[in-house]
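Architecture and fold: a report
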Amino acid sequence: MTAAAVALGAVGRVRAHAPKTLAGYRRFRSVIENDGALPKTLKHLFVAAAACVKGYPDMAERELRAAAAAGLDVELAGCAVAILASSRGEGAALRFESIYARVYPDSARIEADERELVVAPGEAERNFLAYFKTMPPSLGKLLDLVPVGGDAYYLMREGTLSGTALAPRHAELLLVTVLAADYSNWASVHMDGARRAGATETEVAEAVLCAVPVAGLSAWVVGATAMDAGTK
């Protein structure tokens, strides 16, 4: 049993007065702590990323340490920095980066120069249409009013979904966990992206369940509703 699983169980009041709550929580934890449709290494990573977003750094570090102990590769673990930067901003990304550097102290820091990238005219629009099938009004407005913002959105989105060491479906599923933990209906967009990249319904469900330790039972309700809303 990992330290993350023990955290709630260590509270005597919960053990004494909420045995059903604790028993149910341990069953949810068992989904995360065992290989299933998704490997436990990735599920611990998903929980750690969501915990960073919700502002629970201690929980995030416990989860990332559990992932590392289970064999999560340093490059795969580091992918969460870029994914969080795109989906939840600089603060969440830097919070994860600081935890990552403590968990992987010997190999986490990389020295690299920033590369200048060029976006060709119409490239962002074509990318959005290929992914969403129709132009989302929010992105159409961005392209019309602030074209450089449209290019920026395209680059960050592509860097998140296909520019990391994570398989595209796993990048999408990490976003599913983060969005479910935020009770966001937008989880359905990335569920569909994960499906197109080859994810099964059980993989999607396990990604949603990774949000439960961070955000409670409501995360599953919102996530399951988003599963049904997807176009597949």
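For the structure, see preceding data.
Here goes a summary of the coordinates provided.

Reading the values: the criteria
- Residues numbered from 1 in each chain as written.
- Predicted model: local features only at pLDDT ≥ 70, side-chain atom pairs only at ≥ 80, totals over all residues.
- Heavy atoms only, no water.
- Patch = residues over 30% accessible without salt bridge, like charges linked within 9 Å, V, L, I, M, F, W, Y side chains within 5 Å.
- Areas by Shrake-Rupley, 256 points an atom, 1.4 Å probe, with all protein chains shown as cover.
- Salt bridge = Lys/Arg side-chain N within 4 Å of Asp/Glu carboxyl O.
- Helix = DSSP H or I, 4+ residues; strand = E, 2+ residues; numbered from the N terminus.
- Axes fitted to C-alpha atoms, helices over the stretch in contact; angles between N-to-C directions.
- Left-handed = near helix turned anticlockwise from the far one by under 90°.
- Contact = heavy atoms within 4.5 Å.
- Nonpolar A, V, L, I, M, F, W, Y, C, P; charged D, E, K, R; others polar.
- Buried < 20%, exposed > 50% of the residue type's maximum accessible area, 1.4 Å probe, protein only.
- Arc of directions from axis to C-beta.

1. Observations regarding a nonpolar patch on the surface
A contiguous nonpolar patch, built from Leu 145, Val 146 and Val 148 and spanning about 300 Å² of accessible area, is present on the exposed surface. Looking at the secondary structure, you find Leu 145 in helix H8 (residues 137-145).

2. Quick word on the packing of helix H4 (residues 40-54) against helix H6 (residues 74-103)
Here H4 crosses H6 at 35°, and the two axes come no closer than 10 Å. Judged by the twist between their axes, the crossing of H4 over H6 is right-handed. For the pair H4 and H6, contact is made by Leu 45, Ala 48, Ala 49, Cys 52 and Val 53 and by Leu 76, Ala 77, Ala 80, Leu 84, Arg 88, Ala 92, Arg 95, Phe 96 and Ile 99, respectively. Looking at side-chain class alone, the contact of H4 with H6 contains 12 nonpolar, no polar and two charged residues.

3. Overview of the side chain of Asn 127
In this fold, Asn 127 is placed in helix H7 (residues 123-132). A relative accessible area of 16% means that Asn 127 is categorised as buried. Sequence-distant contacts of Asn 127, that is, excluding residues within four places in its chain, are made with Tyr 154, Arg 157 and Glu 158.

4. As for H7
Listed as buried for H7 are Ala 124, Asn 127, Phe 128 and Tyr 131. Looking down the long axis of H7, one finds its buried residues gathered within 100° of arc, a one-sided arrangement. Pointing more than 90 degrees away from the buried face of H7 are the exposed residues Arg 126 and Ala 130. Turning to H7, the residues buried within the fold contact H8, helix H9 (147-161), helix H10 (168-181) and helix H11 (187-196).

5. Regarding the pattern of salt bridges
Overall, the coordinates contain 11 salt bridges when judged by the stated rule. In this structure, the salt-bridge partner of Glu 61 is Arg 65, at a minimum N-O distance of 2.9 Å. Here Glu 61 and its partner Arg 65 are both found in helix H5 (residues 57-69), four residues apart, which amounts to about one turn of the helix. What makes Glu 61 buried here is its relative accessible area of 17%.

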